[in-house]
Structures are given as structure tokens and as C-alpha cells.
Amino acid sequence: MSQIVTLEQLKQTLGAKLKSGARVVAPVLDGELASFKEIADVEQASFEPRVCMQNSIKEFFFPKHETLFTFARKGNDVELTDAPDFDVEQIVVGARPCDAAALPILDPLFAWDYQDRFYQQRRAKSTVVTFACTKSDAHCFCSAVGGAPDNTSGSDALLFDLGDGSFEVRTLTDKGKALFDGKTSESTKSGAACPAPVVDFDVKGIAGWIKDNFSSPVWETISLRCVGCGACAFVCPTCHCFDIVDEGSYHKGRRVKNWDSCQEAMFTLHASGHNPRGTQGKRQRQRMSHKFVTYPEKFNACLCTGCGSCSRACPASFGVRPCLEALNQEKNK
Amino acid sequence: MENQLRNAIRKLLEEKTVDVAIGYGRVGVGGAVGAIFVTNPNDVDRLVWNSECRQNLAVHLTRPEIKALGKAAIVVKGCDARAIVVLANEEQIDRSNLVVVGVVCEGVEKATANGENAGVLYEKCLSCLEHAAKNVDILIGDESKAAALDEKNAPNAKNVGNQEKLAKLRAMSTDERFNYWRDQFSRCVRCYACRQSCPLCYCNRCVADKNRPTRIDTSASLKGNFAWNILRAFHLAGRCVGCGACATACPAGIELDLLNLTLANAAEDQFGYVAGKELGAAPLIGSYAPTDKEDFIR
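Definitions and limits used
- Residues numbered from 1 in each chain as written.
- Chains lettered and ligands numbered in written order.
- Predicted model: local features only at pLDDT ≥ 70, side-chain atom pairs only at ≥ 80, totals over all residues.
- Heavy atoms only, no water.
- Helix = DSSP H or I, 4+ residues; strand = E, 2+ residues; numbered from the N terminus.
- Rg over C-alpha atoms; globule rule 2.2 N^0.38 Å.
- Buried < 20%, exposed > 50% of the residue type's maximum accessible area, 1.4 Å probe, protein only.
- Contact = heavy atoms within 4.5 Å.
- Areas by Shrake-Rupley, 256 points an atom, 1.4 Å probe, with all protein chains shown as cover.
- Lys, Arg positive; Asp, Glu negative; His and termini not counted.
- Charge placed at Lys NZ, Arg CZ, Asp CG, Glu CD.
- Phe/Tyr/Trp six-rings, centres within 6.5 Å; stacked < 30°, edge-to-face > 60°.
- Lys NZ or Arg CZ within 6 Å of the ring centre and 35° of its normal.
- Pairing = 2+ DSSP bridges.
- Axes fitted to C-alpha atoms, helices over the stretch in contact; angles between N-to-C directions.
- Polar contact = N/O pair within 3.5 Å; in protein donor to acceptor, adjacent residues only side chain to side chain.
- Buried area = accessible area lost by both parts, 1.4 Å probe.
- Salt bridge = Lys/Arg side-chain N within 4 Å of Asp/Glu carboxyl O.
- Nonpolar A, V, L, I, M, F, W, Y, C, P; charged D, E, K, R; others polar.
- Core = buried A, V, L, I, M, F, W, Y, C linked by side-chain atoms within 4.5 Å.
- Parallel < 35°, antiparallel > 145°, perpendicular 65-115°, else oblique.
- Left-handed = near helix turned anticlockwise from the far one by under 90°.
- Disulfide = S-S within 2.5 Å.
- Expected span 1.5 Å × (residues − 1).
- Arc of directions from axis to C-beta.

## Considering the overall build of chain A
Secondary structure assignment for chain A yields 11 helices and 12 strands. On C-alpha atoms alone, chain A measures out to a radius of gyration of 21 Å, which is about the 20 Å that the 2.2 N^0.38 rule sets for 333 residues. Once the C-alpha set of chain A is aligned to its principal axes, its extents read approximately 70 × 65 × 40 Å. Across the 333 residues in chain A, those meeting the buried criterion constitute 56%. Counted over contacts in chain A with a minimum sequence separation of 6, partners at least 24 positions apart contribute 70%. Element-wise, carbon and sulfur atoms account for 51% of the exposed surface of chain A, whose accessible area totals about 14500 Å². Positive and negative charge centroids in chain A, built from 39 and 40 side chains respectively, lie 3 Å apart.

## Considering the packing of aromatic side chains
Following the criterion strictly, the structure yields 17 aromatic pairs over all chains and no others. Arranged with centres 4.3 Å apart and planes meeting at 25°, the rings of Phe110 of chain A and Tyr119 of chain A form a pair that is stacked. By the burial criterion, Phe110 of chain A is buried, and Tyr119 of chain A matches it. Taken together, the ring pairs connect Phe62, Phe110, Tyr119, Phe234, Phe242 and Trp259 of chain A into an aromatic cluster. Geometry around Phe118 of chain A places Arg117 of chain A over its ring, the cationic atom sitting 4.4 Å from the centre. One cation-aromatic arrangement involves Lys124 of chain B over Tyr122 of chain B; the distance from NZ or CZ to the ring centre is 5.8 Å.

## Re the sheet that holds strand S10 (residues 185-187) of chain A
Residue and element names in this part refer to chain A. One open sheet accounts for eight strands, arranged S3-S2-S6-S7-S8-S9-S1-S10; its pairing is mixed. Where the open sheet ends on each side, the last strands, each with one partner, are strand S3 (33-39) and S10. Here the average twist between neighbouring strands, direction ignored, is 35°. Note that strand S2 (residues 23-30) and strand S6 (residues 90-95) share three bridges and pair parallel. Note that in S6 the partner of Val25 across the bridge is Val92.

## A short note on the environment of Ser35 of chain A
All names here are of chain A. The residue Ser35 is located in strand S3 in this model. Classification of Ser35 as buried rests on a relative accessible area of 2%. Each C-alpha atom of the pair Ser35 and Cys52 lies 8.9 Å from the other, and the pair is 17 residues apart in sequence. Sequence-distant contacts of Ser35, that is, excluding residues within four places in its chain, are made with Ala26, Pro27, Val28, Met53, Gln54 and Asn55. Side chain to side chain, Ser35 and Gln54 meet in a polar contact 3.2 Å long.

## Considerations on the interface of chain A and chain B
Facing the 41 residues of chain A at the interface are 40 residues of chain B. Counting each side, the surface lost to burial between chain A and chain B is near 3100 Å², with a carbon and sulfur contribution of 57%. When the area that chain A buries against chain B is broken down by residue, the three leading residues are Lys64, Leu224 and Val227 of chain A, summing to 20%. Linking chain A with chain B are one salt bridge, by the criterion used here. In this structure, Asp30 of chain A and Arg187 of chain B form a salt bridge, with 3.1 Å as the shortest nitrogen-oxygen distance. For the side of chain A that touches chain B, the secondary structure elements donating two or more residues are helix H8 (231-235), strand S11 (242-248), strand S12 (252-259), helix H9 (280-299), helix H10 (309-313) and helix H11 (320-331) of chain A. Of all the elements, S12 of chain A adds the most residues to the side of chain A that touches chain B, at four residues. Its residues assigned to classes, the side of chain A that touches chain B comprises 20 nonpolar, 11 polar and 10 charged.

## Focus on the side chain of Asn225 of chain B
Along the chain, the position of Asn225 of chain B falls in helix H9 (residues 222-235). Under the relative-accessibility criterion, Asn225 of chain B is labelled buried at 1%. Ignoring anything within four residues of it in the chain, the contact list for Asn225 of chain B reads Lys64 of chain A together with Phe185, Ser186, Cys188, Arg190, Ser219 and Ala220 of chain B.

## Quick word on the nonpolar core
Grouped together as the largest cluster of nonpolar side chains are 58 residues, with contacts concentrated most on Ile9, Leu61, Ile74 and Ile84 of chain B. Listed by contribution, the elements that provide at least two residues to this core are helix H1 (2-14), strand S1 (20-26), strand S2 (33-38), strand S3 (72-76), helix H3 (78-89) and strand S4 (98-103) of chain B. Not counting the four nearest positions on each side in its chain, Leu61 of chain B is found in contact with Ile22, Lys67, Ile74, Ile84, Leu87, Ile93 and Leu98 of chain B. Of all hydrophobic cores here, the second largest spans 37 residues; its members include Ala100 and Ala231 of chain A together with Cys191 and Ala193 of chain B.

## What to know about the environment of Thr62 of chain B
Residue and element names in this part refer to chain B. By the secondary structure assignment, Thr62 is in the loop between S2 and helix H2 (64-67). As for Thr62 and Val104, which are separated by 42 residues in sequence, their C-alpha atoms are 24 Å apart. The contact partners of Thr62, leaving out residues within four places of it in the chain, are Lys67, Leu87, Gln92, Ile93 and Tyr202.

## Regarding the packing of H9 of chain B against helix H11 (residues 256-271) of chain B
Residue and element names in this part refer to chain B. Closest axis-to-axis distance for the H9/H11 pair is 9 Å, and the angle between their directions is 45°. Classed by the angle they form, the pair H9 and H11 counts as oblique. Read as a crossing pair, H9 and H11 show a hand that is right-handed. On the side of H9, the interface is formed by Asn229, Arg232, Ala233 and Phe234, while H11 contributes Leu256, Leu259, Asn260 and Leu263. A per-class count over the contact of H9 with H11 returns five nonpolar, two polar and one charged.

## Some thoughts on the environment of Glu330 of chain A
Residues and elements named next belong to chain A. Note that Glu330 resides in helix H11. Along the sequence, Glu330 and Trp209 sit 121 residues apart, while their C-alpha atoms lie 9.0 Å from each other. Setting aside its immediate chain neighbours within four residues, Glu330 contacts Trp209 and Val218. A polar atom in the side chain of Glu330 sits 3.1 Å from the side chain of Lys333.

## Examining the state of the cysteines
Tallied over the entire structure, the rule returns zero disulfides over all chains. With no disulfide partner, Cys232 of chain A has as its closest neighbouring cysteine sulfur the one in Cys229 of chain A, 6.2 Å distant. For Cys232 of chain A, a relative accessible area of 14% corresponds to the buried category. With no disulfide of its own, Cys191 of chain B lies 5.8 Å from the sulfur of Cys229 of chain A, the closest cysteine sulfur.

## Remarks on helix H1 (residues 7-19) of chain A
An α-helix turns once per 3.6 residues; consequently, residues spaced three or four apart project the same way. Residue and element names in this part refer to chain A. The end-to-end C-alpha distance of H1 is 18 Å, a good match for the 18 Å that 13 residues give at a rise of 1.5 Å each. All of the buried residues in H1 are Leu10, Lys11, Thr13, Leu14 and Leu18. Angularly, the buried residues of H1 cover 160° about the axis, an arc narrow enough to put them on a single face. Within H1, the exposed residues directed more than 90 degrees away from the buried face are Gln12 and Lys19. Gly21 sits one or two positions beyond H1 and adopts a positive phi of about 100°.

The quantities given are spatial measurements derived from coordinates; they are silent on function.
In C-alpha cells, the structure reads:
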């Protein structure tokens, strides 16, 4: 027997959460653009099966812009005020498995040499309800990096669209169980995800090539078309680099944490004017090495979930998948 | 037309008129079109020309990695060609050291969120009057077809496509319009894809990257996002050619082309100036005429 919930029941569950003061994040459709947004009313949410989203759920755990503390001059002193704790319950619903899978990958990073309370509090307070994929497109390659259209990693509950206005609910954690407790009914129906995307390259093999070919001229040639815009990093569910800056005036202001991207020249520009990653090829090599070599070596997890958001967003038709394919060709030469 | 293009580029490479040809090829996921850099005449068959050639390749002309490849030939649509004119007029490129290969463009199609053809033309194409690229060295395609398309668009060029969308925005109350842009800018992640995709955003150090002192907030807060997007639009006033590369590149789907069109309209209405129309024209912001209107000074 399986547990199912109708769309109406799902909306009621979320509606009750909103009423209780919880923050609910769901896919919202604005014209043709679908993005994850905090909603004020469940009717704003759109639960149609969808491959492409304008953003990932990352920003609800690691916001694009976040205040760390504020400062104000008081006479000869400076008064510092910590940013408030994140102490509201958060339900993120409608995540794709490749979005949710990014969270356990990022967890060790934000709890490594520095305990990032901002990320950790959001994680602790959040319940992630994921929809198993019903379709994939040519950009998808989750199957190449250990994922799947019904991957459970990072999710508290995994829902399967039964196509009749109801979902099979598989609760995976206590948080998931608590959210759907008493909300589901028993059924003989069972959901299934779409077939895994087909890939014809071996990521481990390519990672080995990346490690051994730091000085390959291929980095420069494959990166010629990259304009260094960084859109790939900003839509990526796992890219997590940030910049810390002070904003405001001499008298008062705040220290903030802002998303950053290794694809931009400024990222490594030294005060002397020297840039150790002075070309787009070097920046692309950094991105791929970090995702497939250094991060796995350090945290035992590949920093890519195969979601394909980078190549969908890239104005130059580049991104991780085309890059992996180009490197694979080079490796097999 | 594709063959005509390939033959022209092959000849340029074989005769060593140029060292590299910047054109379109099927390089992305599922054969998506992106820039390719052909140096060997035997590789010209990789070049394609079709309604998916969305990018403005002129963005590559000022990049050091591309300049290092030597003298270039570049494939351009009508709108892209205007960007090259501005680059030359602003002395960013040596026009005599570049071979501009224009194509007759019947319009480029929008892409869906996953890069497939959406089956509709970009708004900019609905008002296009340069189906045959101007100020080029070689033109590929049927000029009479281009002239017919220009003629078809001409009567409505000022009130269709982006102009129509802009007119709707301008008809809003100030509050409504502010809310519209607030919603748009709230999505901005400050990736600077707009800047990086723009052929005319060639500053070595963008004002957004200046940090001694910081000129505008780098935060993707509403304040920072308003500052950045408005600043960029103003910096492109009288310079933007309306190719729409910024809006196409924006991962947040912000209608940046409308912002730029507002200022392009102002340049035309107030000063009769259309950026990129005339090779050798003085930049609008860098020149004046005794007949310039002064009623903007209050």
C-alpha cells in the first residue's frame, strides 16, 4: 500500500502552515518564467511537472545577499549588532531531486572550519518536499553524477505525480513524516519517475583527466566562447562562493555576504593588478576542477548534481555538460 | 546561404586575409548554437547560419583571449553590425583590421527555458529595418528579400514589438511602473551576465567592480539592484543598439532591453541620434551641436 495526497490536500497542508506563521517556498509561474519564491497564498504556487526553473532552492538556504551584522558609531565606540537568528519554520515544496541533492553536498562546507549559523539555522528549520521528475531534457545528466529522477538525497519527502490530481507521498525523514502526518490516505496506486537521462561519458574518468591535465591548452580553446558572465554559477544549486563587503557610511552600515562567481575576472584580481586566473580558460578549469576534483577530495562529494541549469542559462551554449563532453573527447583522443 | 557563408570564410582564411573567423556553430547541448572560432579553412563546414543564431558575437572583439588570435572576420546580423559601428566610432576596435561578414537575417527565434526554439521571433525582430546588415565588408544572402522584409516592417516599426511593450509601460502610473521594475529587479542576482554579453560594456574595470571606494552596492538587495540596472542603462544611453543580448543572457529574465530602449528612444527623439547607424559618427554623449535642445536643463 502507498500513501497518497490530493493536490487539494497538499494545498490545505501548506495553507495551514502559512497560517501558523511558517514560510512557504514554492514554484511560482510569472508568464513563461517559473521560479521558486516565498508565497503568501497557496494559490500562487504552480505544481505542474517542470524541468526548468529560473532559480534553484539554494537561495532559501544560502541567500544571494545576507546581512551578517550591522555597525553604528557611538561616540568613540562602534556598536555591533548581530543579524537575527533564523527561527521561523520553512517549507520548501516542489524542489527537483537535483535541487534537493545539493543540500547534503553543501552541508559539510558550511560546517567545516567555520560553523555558518546562517546556513545551518535555515537547514535545521526547513522541510524539503521534492517532486520526482516526470520528464527530463537534453541538459539533464543527474545519472552521470550519482543522481536519479527519483533521487531521495536531501529531501524530507518525495512526491510522485500520479497524473490524476494526486501524488504518492514517500516520507523520508521525521520532518517529512511530521508534515504529512494524518494528511495522506492509503491507496494501491504507486508513482514512478521518468527514465534516467542517458549519458555517454564517465565523470570519474573525466575527473582523472582534469586532475592530470592542469596545463592542457584545451582549457583555453574550449573556453573561447565563454563570455565570463557567471550566470552558470548563480543558477547552480551547488556553487557557493561568496564575497563579504561592508555597505553604508562611515557612521553606520552593515557587513554583508553576497554571491560571487569564479567565472568573473574580478574574482581573483589582486590589488597589485596581477590576476592569477587572467583568462577564461583558467577560470573554466577552476570551475570544473572544483566541482569534479578538489571538492570530492575534500568533502567526498561531487559538487554537481547534473541538473543542467548552467547550460540552460548560458548565453553562449556552454555549461558543465558541454564542457564535460568536450573534455571527454579530449581524453579519448 | 550557409554554403555562401562557408565559402566566403574559407576564402578569407585560405588567402590569409584573416587569422580567425568568429561565427556560429552547433556547440551546445543538443546542437545548440554558440560562437565558434575557426582558424583552419578545412573547418569552415562547422559554421552555421539559422534563426537560432541569437548571440551578438561582437562581444568577443574586445576580449583579450580573442584579440590574441590575430586579425578576425566576424559573422553579424543587422543589429550586431550596429554594435561594431559603435565599437569603431568609440575607437575600441580598428575597423580596418577586421572583416565584417554580414548576413541577411529574417529574424531570430526566441528560445524556451531549455534552449529549444520557441517558434516566435524576438520582439526586436518585429521592428527590424536592417534585415541586411549594414556597414559590412561582405554581405551574404539575398538583398532583395531583406529589402522586402524591411518594407514590410517599416510602417509599424515604431509601435510593435518592444516599442509596443514599452508604450504599455509608459502608460502606467508612476507607482505601477515602479512596482513593475521593482518586481523585475528583485530577481536580479548580480551575476553581470547582461554586462558580459554586451558588446558595448567593454570597460576594463566596470563601475560595479570598483571598490576603492565602492560606487554602488554590490549586494543583490533592491537598492543595489536598482542602482546597478539603472546605472548600466544610463551608461548605454545613445550607445545601445538594441541587439537584446543582455535580456537574452539574463538568467532572471529581466526585460533589460526595454530599459535600454527607453533611452534609445530619448536619444532619437531629442537629438535625432540612432546609435550604430553611421560609421564615423561622433558619439552622442561625446559631442554637441548648437542646435541641441536645451529644454532638459531645468
